[in-house]
Structures are given as structure tokens and as C-alpha cells.
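Below are the chains, spelled out letter by letter.
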Amino acid sequence: MSPLRDSRSADRFDRHFGRLVVLLRLEPANISGQKDALRCAMALLEGPVLLEAGIEYSDVPDEGSFKGRLLYRRVDSIVVDEDARPAEVLVLARALASDTLPVENSPSIQVELLPVSAVRSDLHGASSTAPVIPEPVAFRPRTISGPVEDSEMMLKALDQSLGQGHWMEALHAAQSLVRLTPRYPEHERRGYLIQLRRIFHRKMLENFIDFAMRSTEEQPRLAEVLHFAGPEAVELMVDHICQAESIGPRRFLHEVLASIPESLPLLLPRLDSPRWYEARHAVELIGRLGQTDTIPVLVKALEYSDARVRQAAVIALARFDTPAVLIPIRRALLDQAPGTRASAAYALADRHSPALAMPILAVLEGEKDLGAWTALVTALVRIDSAEALKSLLALALDHHAILKSARPIAQRVAIVEALAASGSAGARGALERLVNEGEGALRRAAQEAAGRLGERGNGK
């Protein structure tokens, strides 16, 4: 083997090879990008290169980076010889991108893995070939200054509880292992977390989730474990919430996923699912993640065939404090589903901009559904602009110039109720006018609403 290349040349190979690994993991369908990355890497392989995982000073490994993949797969170093073939390099890249394929030597590639010391972990109900649990501190042959004895004690407690099927005790031990993380020095913390992720394998996490679904008081504890359990846990949570229409007891999984940006690549493909509830879960979570570059995919979700997904998309877009979402939300005021129109009106009202009253007023005239009408009216009252209140008064009193016939009394009473619910100075003034100028059922409704306001003001 020739001497190793200088660090600058190795860095260039590292960059393209690392891009290949990340594309294989996060964009498996991007074949052209993968071929380009492999071609660029091989063009720079003019001599042996050394790739090292090293140590990064971060509490949680970035599994979307090349360094993160090396650390996660327990790779200490890789030497790629100059005569390595593209097929060899591609096999190595696929192994690093996978969570299960073995990372092995080949004729021109030597891989050195970090040592593993195994501890028995017979999971309740699993076969004898269940994954072994490595000791969380045996990741480098050097002196460890972290809480080794406490980690080993908790690891034994976890192993024993799993073997007996005592899920509550096992979950408590798992949480204790997570909470030992800050006690490790910064340069040891990443390796410890990587070991935790290997310990918290999929079968264990599946049983923890099933247990927490029945024991809701344990959900915060499991949420803490899942937050640190890595990509496999994220994939498991996404799969779990997409199994059913309702969120229900799975709400805690939503909360965890909404705090993990790395869940985004697993959620985006669900937007195209033919199962409406799967797409709706994805829309809600993507909105909660709040990454502005996802706005276009949420806008596209406004075209989904099921109204429940379109309504969720409106609510998700409303989370973004940027003018870029206002146009698609305004278009949703014309959606064929009353619920979507109502959500769009509320989303615009939450901006508290008088300028947004006009698009709501424009669609209010033609609104026939009482529920959507009530939502549009409530949104206008929330905006609380003088022009919006004036228009609502005209509608309630039947003075609106563009109306050809009287509004149904139910719609006019809805204006009264919205004004009373607001209680702002402008709304109170409008309600007083309805008391004084209204007739029949409208006037009676206004008097009753004004009476309720008066009682609240007097503390009754």
C-alpha cells in the first residue's frame, strides 16, 4: 500500500464519498446524484486515503451527516487503497448508509471498528437471537472518566427487567441510562449516546410504546427515551402514528416527533399516501416542525383529495409567521369544504391585520353553509377593524348595498353571537347599535347578548 495521501486530498475524497453515503440513506431514489458522487470520489482516489470518525462535540449524533454515520456504525477508521474498484466503494457506502448491513473489509478497503463488549439481552417474547446490548462505555480502549459503575448497574437492571417482561421497570432503567448522559465528559458523551442507540433496539422500543399506550402516566418517561433513541426510533414512531386515523393515546408520539427535525425525511413521502389519515398526520407534524423550506409541500397538500388533509394543511401553514403563506391561505377561503374555509378564515384572523378583512368579506357574501358563515363572521370580529365591523352591521341590519335579499335570521344572529363573544370596545359598540336598530328576533338576540355582557362586567 502506498503512503497515505495528504489531508487536503483526503478531505476532497471524504466530501464526495460522504455525499454518496448521505444520498444512499436519505435520498435512495436519487440515482443520478449517487452516480455523480461516486464518480467524483473515484476521480480523486489517486492514492490511499484515511477516513476517521473522530469526535464531534455534540450531545446527539447527526445521523444525516457522513461523520454521524461513521460514529453510529461504530467505525473508528477506514483506509481506501488507490486500486479500490467503484463497486467496492459503493458496497462500503451502502453498508454505512444502512443500519443493518455489515461494514466489512474488502481487498482494497480496510475497516477498523470500535470494540464491543456484549451483555445478554433476552427480550421477553423474542427469540434467542435478539440483538445483544453492548456496554455503553466500552467504545474506545482508553480510560473512561464517566459514571461507568452507574451505567453498568442500570444496564443490568434493564437487561433483567426485559428478560422478565417487566416493562415499567425496564423503561425506568432506560430513562436512567439516558439521564446519565450529562455526567459523561463531553469527549465521551457522543460515544455513550451511540451505545444507547444500539441498546434501544426496535423490538424493545415497540414493546415500550405498547406499554405506554396502556399506561399513559409512563408516556413522558418514554418520550424522553425516544428523543435520544436515534433514527430507528423516529422511523418506528412515524410508522406507529400512521396506523390509525385518530391521534388519541398516540399524541405523545406526535409531541416527540415534532421536536426532532430529523423526522422530516420520513414524513415527506407520507404526504402522497392514498390513506388520508396518514397524509394528515404528516401534514400536522411538518407544520409543527416549522421549517420554512417545507412551505411549498404544505401548499401542495391543499390540493389533496380529502378535505381533512386540506384543512390540516391550512392549519399547518398558519404556523409560519411569513407573508409567503397568506396567498395560499386566502385561496383556501374558496375551498369546496366548509371546514377548510373556516380554518382559512381563522388563520387569517390570527394575523390581526385589517387588510386581511377584505378577502374574508369578499367570500362572506356568497357563503351558504351556516358553520362556515359563523367562522367567517367570527374571524372578522377577531380582526376588529372599523371597516369589518361596519360591514357586519350592514349584513345584520340588512343594509348591505350589494345584497339582493335578506339574510336568513340564523346568519344574522351568528353576527350577534360573534360580537358578544369578542367583548372588544368596537364589538360592544356594534352590539349596542343592533339593540337600538335591530328588529324582531335580531333585536331580541342582541338584547340577550348585551345582557350577558353586562352580567360578566358586573362579576355575576
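Residues numbered from 1 in each chain as written. Predicted model: local features only at pLDDT ≥ 70, side-chain atom pairs only at ≥ 80, totals over all residues. Heavy atoms only, no water.

### Here we look at the overall build of the chain
Then, in step 1: Looking only at helices and strands, the chain has 23 helices and 5 strands in total.
Then, in step 2: Residue burial in the chain is summarised as follows: out of 460 residues, 51% are buried.
Then, in step 3: Long-range pairs, those at least 24 residues apart, make up 68% of the contacts in the chain with a sequence separation of at least 6.
Then, in step 4: About 21,500 Å² of surface is accessible on the chain, with carbon and sulfur atoms providing 52% of the total. (Helix = DSSP H or I, 4+ residues; strand = E, 2+ residues; numbered from the N terminus. Buried < 20%, exposed > 50% of the residue type's maximum accessible area, 1.4 Å probe, protein only. Contact = heavy atoms within 4.5 Å. Areas by Shrake-Rupley, 256 points an atom, 1.4 Å probe, with all protein chains shown as cover.)

### Remarks on the pattern of salt bridges
Then, in step 1: Counted according to the given criterion, the structure contains 20 salt bridges.
Then, in step 2: Note that Arg270 and Glu278 form a salt bridge whose closest N and O atoms lie 2.8 Å from each other. With respect to class, Arg270 is no different from Glu278; both count as buried.
Then, in step 3: For the salt bridge of Asp306 with Arg308, the shortest nitrogen-to-oxygen distance reads 2.9 Å.
Then, in step 4: On the basis of relative accessibility, which here comes to 16%, the residue Asp306 falls in the buried class.
Then, in step 5: The class of Arg308 is partly exposed, set by a relative accessible area of 41%. (Salt bridge = Lys/Arg side-chain N within 4 Å of Asp/Glu carboxyl O.)

### Observations regarding the nonpolar core
Then, in step 1: Leu158, Phe200 and Phe208 are the most contacted members of the largest nonpolar core, which has 110 residues in total.
Then, in step 2: The biggest single contributor to this core is helix α13 (residues 276–289), with 8 residues.
Then, in step 3: If we ignore the near neighbours within four places in the chain, the residues touching Phe200 are Leu158, Ala174, Val178, Leu205, Val225, Ala229 and Glu232.
Then, in step 4: Core analysis: the next-biggest nonpolar cluster, separate from the first, contains 28 residues, Val21, Leu24, Ala95 and Val103 among them. (Core = buried A, V, L, I, M, F, W, Y, C linked by side-chain atoms within 4.5 Å.)

### Considerations on the sheet that holds strand β3 (residues 109–113)
Then, in step 1: Across the sheet, which stays open at both edges, the 3 strands sit in the order β1-β2-β3 with antiparallel pairing between neighbours. Every interior strand has two partners, whereas the edge strands, β1 (49–52) and β3, have only one. Within the sheet, the average angular offset between the axes of one strand and its neighbour, ignoring direction, is 10°.
Then, in step 2: Here strand β2 (residues 75–80) pairs with β3 via 5 bridges, running antiparallel. The residue bridging Val75 from the neighbouring strand is Leu113, located in β3. (Pairing = 2+ DSSP bridges. Axes fitted to C-alpha atoms, helices over the stretch in contact; angles between N-to-C directions.)

### Description of the packing of aromatic side chains
Then, in step 1: Summed over the entire model, instances satisfying the criterion amount to 5 aromatic pairs.
Then, in step 2: For the ring pair Phe17 and Phe66, a centre distance of 5.5 Å and an interplane angle of 90° mean the geometry is edge-to-face. Taken together, the residues Phe17 in helix α1 (residues 7–26) and Phe66 in helix α3 (residues 66–72) connect sequence positions 49 residues apart.
Then, in step 3: Residues Tyr184 and Tyr192 carry aromatic rings whose centres are separated by 4.2 Å and whose planes lie at 20° to one another, so their mutual orientation is stacked. Each member of the pair Tyr184 and Tyr192 is classed as buried.
Then, in step 4: Here the aromatic cluster, defined as three or more aromatic residues joined through ring pairs, consists of Phe13, Phe17 and Phe66.
Then, in step 5: Stacked on the ring of Trp276, the Lys or Arg Arg308 has its end atom at 3.6 Å from the ring centre. (Phe/Tyr/Trp six-rings, centres within 6.5 Å; stacked < 30°, edge-to-face > 60°. Lys NZ or Arg CZ within 6 Å of the ring centre and 35° of its normal.)

### Considering the side chain of Ser263
Then, in step 1: Tracing the backbone shows Ser263 in the loop between α11 (251–257) and α12 (264–267).
Then, in step 2: At 3.3 Å, the side chain of Ser263 forms a polar contact with the backbone oxygen of Leu257.
Then, in step 3: Each residue touching Ser263, except ones within four places of it in the same chain, is listed here: Val234, Leu257 and Leu289. (Polar contact = N/O pair within 3.5 Å; in protein donor to acceptor, adjacent residues only side chain to side chain.)

### What about unusual backbone geometry?
Peptide bonds are mostly trans, and most non-glycine residues show a negative phi.
Then, in step 1: Its identity is not glycine, yet His352 carries a phi of approximately 55°, on the positive side.
Then, in step 2: With respect to the element layout, His352 can be found in the loop between α17 (338–349) and α18 (357–364).
Then, in step 3: For His352, a relative accessible area of 54% corresponds to the exposed category.
Then, in step 4: The backbone of Asp384 sits at a positive phi, close to 60°, despite the residue not being glycine.

### Details of the packing of helix α20 (residues 386–397) against helix α21 (residues 409–422)
Then, in step 1: Remark: α20 packs on α21, axes separated minimally by 8 Å, with the N-to-C direction vectors making an angle of 140°. One finds that α20 runs oblique with respect to α21. Between α20 and α21 lies a crossing whose hand is left-handed. Contact residues: α20 offers Leu389, Leu392, Leu395, Ala396 and Leu397, while α21 offers Arg412, Ile415 and Leu419. (Parallel < 35°, antiparallel > 145°, perpendicular 65-115°, else oblique. Left-handed = near helix turned anticlockwise from the far one by under 90°.)

### Quick look at helix α9 (residues 219–228)
Then, in step 1: When we look at burial in α9, the residues that qualify are Gln219, Leu222, Ala223, Val225 and Leu226. Looking down the long axis of α9, one finds its buried residues gathered within 165° of arc, a one-sided arrangement.
Then, in step 2: Against the buried residues of α9 lie α6 (167–179), α8 (202–214), α10 (231–241) and α11.
Then, in step 3: Downstream of α9 by a residue or two, Gly230 has a phi angle that is positive, lying close to 90°. (Arc of directions from axis to C-beta.)

### Concerning the environment of Gly191
Then, in step 1: For Gly191, the location among the structural elements is in helix α7 (residues 186–199).
Then, in step 2: Judged by relative accessible area, Gly191 falls into the buried class, the value being 12%.
Then, in step 3: Note: C-alpha distance between Gly191 and Leu71 (120 residues apart in sequence) is 7.5 Å.

### Structural notes on α13
Then, in step 1: With 14 residues, α13 ought to run about 20 Å at 1.5 Å a step, and its terminal C-alpha atoms sit 20 Å apart, in line with that.
Then, in step 2: Across the 14 residues that make up α13, a large majority, 13, are buried.
Then, in step 3: Gly290 sits one or two positions beyond α13 and adopts a positive phi of about 70°. (Expected span 1.5 Å × (residues − 1).)

By themselves these figures say nothing about function.
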